[in-house]
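# Coordinates in review
Each chain, written out:
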Amino acid sequence: MSSRLARNRSTRPAQRSSALGLVGPLIVATVSTVGCYSYRPLGTTAVPAKAEVRFEFTPAGADALRDAAGYTMRQLDGYVVQAFADSAVLVKPNSIVTVDGDVLPWRRGDLLVPWRTVAQSQQRTMDKRRSRGFAAVMGAVFTGVVYFALRSIAGGGGSTVQPGGGAPE
């Protein structure tokens, strides 16, 4: 009986390290897909298709787009479908912000936005520095949780009675 107990104790570290070996890559894969994004000013009108953009409109531009949009917009967030050189960009909006400050989902089709209506244009990009910091913190948290969970599983469960010389008299 004592040899069986000794075998169980000797396999626990191997089980723990193999479980950590399986969970480790899963943690890395999960954390590496998460990113922190920010909007950066566009330096050009040559915007690639599928780029996520934010446009803030001039007052005259908001009035010019009112008929096509159905609202007087202050801001539009969406994806570029196609850019037409320096004249306009075709956008698939996600949401708009009206001049009254209401945030509304976009329920219409694509919108052609002339560049002359845009006061400020921005592109959503991944902020690598913030993403690395976030990934490091989340990796440490996940590793700590997994470590203590595996330690609890390996150390707990089962009887604490040690085999020995029988019942005390």
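Scroll up to find the structure.
Residues numbered from 1 in each chain as written. Predicted model: local features only at pLDDT ≥ 70, side-chain atom pairs only at ≥ 80, totals over all residues. Heavy atoms only, no water.

### Thoughts on the overall build of the protein chain
Rule in force here: Secondary structure elements are taken from DSSP: a helix is a run of H or I of four residues or more, a strand is a run of E of two residues or more, and numbering for both begins at the N terminus. Throughout, a residue-residue contact means that at least one pair of heavy atoms, one from each residue, lies within 4.5 Å. Using a 1.4 Å probe, the Shrake-Rupley method yields the accessible areas, and only the shown protein chains count as cover for residues.
Along the backbone of the protein chain there are 3 helices and 7 strands. Taken from the N to the C terminus, the helices and strands of the protein chain come in the order α-β-β-α-β-β-β-β-β-α. Summarising the internal contacts of the protein chain: among those between residues at least 6 apart in sequence, 64% fall at separations of at least 24. Carbon together with sulfur atoms contributes 57% to the accessible area of the protein chain, which is approximately 11,300 Å² in total.

### Some words on the packing of aromatic side chains
To keep things clear, this is the line we draw: Working definition: a ring pair exists when centres of Phe, Tyr or Trp rings (six-membered ring for Trp) sit within 6.5 Å. Plane angles under 30 degrees give stacked, over 60 give edge-to-face, the rest tilted.
Enumeration according to the criterion identifies 1 aromatic pair in this entry. Seen in terms of ring centroids, F55 and W115 are 5.5 Å apart; in terms of plane orientation they differ by 80°. Their pairing is edge-to-face. Here F55, found in strand β2 (residues 52-57), pairs with W115, found in the loop between β6 (111-114) and β7 (118-126); they are 60 residues apart in sequence, far enough to count as distant.

### A word on helix α2 (residues 59-69)
For clarity, the cut-off: A 1.4 Å probe rolled over the protein chains alone gives each residue an accessible area, and that area as a share of the maximum for its type sets the label: buried under 20%, exposed over 50%, partly exposed in between. Directions pointing from the helix axis toward each C-beta atom define the arc.
Taken residue by residue, α2 has G61, A62, L65 and A69 as its buried positions. Taken down its axis, α2 places every buried residue within 90° of arc, on the same side. Away from the buried face of α2 by more than 90 degrees, exposed residues P59, A60 and D67 are located. Those residues of α2 hidden inside the fold are in contact with β2, β3 (73-84) and β6. Just beyond α2, the residue with positive phi is G70, at close to 90°.

### Some words on the pattern of salt bridges
For clarity, the threshold we go by: By salt bridge we mean one thing: a side-chain nitrogen of Lys or Arg within 4 Å of a carboxyl oxygen of Asp or Glu.
If you walk through the whole model with that rule in mind, you get 3 salt bridges. Across the pair R124 and E52 runs a salt bridge, and its minimum N-O distance is 3.0 Å. Placement of the pair is R124 in strand β7 and E52 in strand β2, with a sequence separation of 72 residues. Among the residues examined, R124 registers a relative accessible area of 31% and is labelled partly exposed. Classification of E52 by relative accessible area gives buried; the value is 16%.

### Digging into a nonpolar patch on the surface
This is how it is decided: Note that patches include only residues with greater than 30% relative accessible area and no salt bridge, and the join distances are 9 Å for like charges and 5 Å for nonpolar side chains (Val, Leu, Ile, Met, Phe, Trp, Tyr).
Side chains of V137, V141, F142 and V145 sit close together on the surface and give an oily, nonpolar patch of about 330 Å² of accessible area. Residue placement: F142 occurs in helix α3 (residues 128-155). A residue is classified by how much of its surface remains accessible, and F142, at 30% relative accessible area, is partly exposed.

### Points about the nonpolar core
We count it as follows: Nonpolar cores are built from buried Ala, Val, Leu, Ile, Met, Phe, Trp, Tyr and Cys residues. Side-chain atoms within 4.5 Å join them into one set.
F55, F57, M73, L76 and V113 are the most contacted members of the largest nonpolar core, which has 20 residues in total. Broken down by secondary-structure element, the contributors of at least two residues to this core are β2, α2, β3, β4 (88-98) and β6. Sequence-distant contacts of F57, defined by excluding residues within four places in its chain, comprise A62, L65, M73, R74, Q75, L76, V113, T117, V118 and A119.

### Topic: the environment of G70
Here G70 shows up in the loop between α2 and β3. When neighbours within four sequence positions are excluded, G70 is seen to be in contact with L65 and R108.

### Observations regarding the side chain of Q122
With respect to the helices and strands, Q122 occurs in strand β7. Here Q122 falls in the buried class, since its relative accessible area comes to 12%. If we ignore the near neighbours within four places in the chain, the residues touching Q122 are Y39, R40, P41, L42, E52, V53 and R54.

### Concerning the environment of T58
Mapped onto the elements of the fold, T58 is located in the loop between β2 and α2. In this structure, the C-alpha to C-alpha distance between T58 and Q75, residues 17 residues apart in sequence, is 9.5 Å. Dropping the residues within four chain positions of it, T58 is found in contact with R116, T117, V118 and A119.

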